[in-house]
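A structural walkthrough
Here's the letter readout for the chains.
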Amino acid sequence: MIRVSGVKKRFRKYQILSDVTLEMEGIYGLVGPNGAGKTTLMKILSSLISLDEGIIEINGENYVKGRYVKANHLIGYLPQDFMVYPQISVVETLDHIAIMQGMLNKKERARAIREAIDKVNLAGHENKKMMELSGGMRKRVGIAQLLMRKPSILIFDEPTAGLDIEERIRFRNLLKNLGSEHTVIISSHIVEDIEFLCTKIGILKSGRVLFEGTPAELKAHAEGYVWEYHVSPEELDYIMVEKEVIQLLEEEDGVNVRVFAKEGEEGAKQVAPRLIDGYLAVVRGVN
Ligand SMILES: Nc1ncnc2c1ncn2[C@@H]1O[C@H](COP(=O)(O)OP(=O)(O)OP(=O)(O)O)[C@@H](O)[C@H]1O
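An account of the accompanying structure is given in this report. (Residues numbered from 1 in each chain as written. Predicted model: local features only at pLDDT ≥ 70, side-chain atom pairs only at ≥ 80, totals over all residues.)

Describing the sheet that holds strand S12 (residues 245–251)
- Taken in spatial order, the 4 strands line up as S12-S13-S11-S14 in an open sheet, and their pairing is antiparallel. The open sheet has two free edges, formed respectively by S12 and strand S14 (269–270), since each of these has just one partner strand.
- Pairing geometry for S12 and strand S13 (residues 254–260), over 6 bridges, is antiparallel. Across the sheet, the residue bridging to Leu249 is Asn256, located in S13. (Pairing = 2+ DSSP bridges. Helix = DSSP H or I, 4+ residues; strand = E, 2+ residues; numbered from the N terminus.)

Right under this line is the structure:
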């Protein structure tokens, strides 16, 4: 568990994080518009940048104002773009990183590498060069090198960005499995991923916390704001211009249109909100 209390961060004259307080546990989704401060917070937690004010408590230990969070042994951070040497193989990459991490015993290193490769389902690909791997597989190597250090908390910045559909599904399943043994913190713009993975969600906007709670609590914020219209293709043109359409579902006899609005017009049926509706309600401050 990570407890973030009153954390502030400024870059020159810009206040990037203002009094951020969160309790991160389970598989925790950090979401919010571009520039909200998610990466900045993740980098503070991963000791890449210092905090200006506030307290961060990680597994019972406090890190305070003006300091770096020195909890490298507990935390593994995978940035958006995990960079490695393209010409060397998966196993050589992991061996190199393990040596850099101070794992000097060859047998111990080989065992840690084997375990990590198995955990991220890279068995059979050990001898491929990094440049021969797909984006998702490279990310797996990124996770494998984190797992060798046995961290209890894993932090992933936009882990599924840029992956194709099948890779994304495979990668998501891997993240879900990691959540059974680790606290996992992810930032993502992909609502489906948040829905699939997260047990708790924090929403940041302009460096402030707008919401923290379970997916069910987030959905509840949009209660009464989601309407469904069943329309013909001709009526669809009108509705697309006039309403805020969240989703379209084509059916044999027309189109089902989900709309975010305070009130529904004639023919509209009020429906149960989904996660994306709760997010919109919170970010717009409508409820
Ligand atoms: N080193 C830096 N110096 C100055 N400003 C910075 C620095 N790093 C980030 N920022 C600014 O801080 C703000 C928050 O950036 P951050 O990357 O944390 O947001 P984010 O929520 O992760 O955004 P995105 O969803 O686009 O990745 C942005 O306005 C960004 O331009």
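With respect to the sheet that holds strand S8 (residues 183–187)
- Overall, mixed pairing links the 6 strands, which are arranged S6-S7-S8-S3-S9-S10 in an open sheet. Each having just a single partner strand, strand S6 (75–78) and strand S10 (208–213) make up the two edges of the open sheet. For this sheet, the mean angle separating the axes of adjacent strands, direction not counted, is 15°.
- In this sheet, S8 lies alongside strand S3 (residues 27–31) in parallel orientation, the contact comprising 4 bridges. Following the sheet pairing, Leu30 is matched in S8 by Ser187. (Axes fitted to C-alpha atoms, helices over the stretch in contact; angles between N-to-C directions.)

Some remarks on the packing of helix H4 (residues 135–147) against helix H5 (residues 165–178)
- Contact pair H4 / H5: the axes reach a minimum separation of 9 Å and the direction vectors enclose 20°. Put simply, H4 runs roughly parallel to H5. The handedness of the crossing between H4 and H5 is right-handed. Residue-level inspection shows Gly135, Gly136 and Lys139 of H4 in contact with H5, the latter providing Glu167, Arg170 and Phe171.
- The residue inventory of the contact of H4 with H5, partitioned by class, reads 1 nonpolar, 2 polar and 3 charged. (Parallel < 35°, antiparallel > 145°, perpendicular 65-115°, else oblique. Left-handed = near helix turned anticlockwise from the far one by under 90°. Contact = placed C-beta atoms within 7 Å. Nonpolar A, V, L, I, M, F, W, Y, C, P; charged D, E, K, R; others polar.)

Section: the environment of Val91
- Mapped onto the fold, Val91 is located in helix H2 (residues 90–100).
- For Val91, a count of 19 C-beta atoms within 10 Å corresponds to the partly exposed category.
- It is 9.1 Å that separates the C-alpha atoms of Val91 and Val141, two residues lying 50 residues apart in sequence.
- Setting aside residues up to four positions removed in sequence, Val91 forms contacts with Ile113, Glu126 and Asn127. (Buried ≥ 20, exposed ≤ 12 C-beta atoms within 10 Å, placed from the backbone.)

Concerning H2
- When we look at burial in H2, the residues that qualify are Val90, Thr93, Leu94, Ile97 and Ala98. All buried residues of H2 fall inside an arc of 130° around its axis, so they share one side. Seen from the buried face of H2, the exposed residues on the opposite side, beyond 90 degrees, are Ile99 and Met100.
- Along its buried surface, H2 packs onto helix H3 (106–119) and H4.
- Count one or two residues on from H2 and you reach Gly102, which has phi positive near 95°. (Arc of directions from axis to C-beta.)

Concerning the site of the ligand
- Around the ligand, the neighbouring residues are Phe11, Tyr14, Ile16, Gly32, Asn34, Gly35, Ala36, Gly37, Lys38, Thr39 and Thr40.
- For the shell around the ligand, the secondary structure elements donating two or more residues are strand S2 (14–24) and helix H1 (38–45).
- For the shell around the ligand, the element with the most residues is H1, which contributes 3 residues.
- A class-by-class count of the residues in the shell around the ligand yields 4 nonpolar, 6 polar and 1 charged. (Near = placed C-beta within 6 Å.)

Topic: unusual backbone geometry
- The backbone phi angle of Arg12 is positive, close to 50°, even though this residue is not glycine.
- Inspection of the secondary structure assignment puts Arg12 in the loop between strand S1 (2–11) and S2.
- One non-glycine residue, Asn121, adopts positive backbone phi at about 55°.
- On the basis of neighbour count, Asn121 is assigned to the partly exposed category, with 16 C-beta atoms found within 10 Å.

So far we have only geometry, and geometry alone does not tell us how the molecule works.
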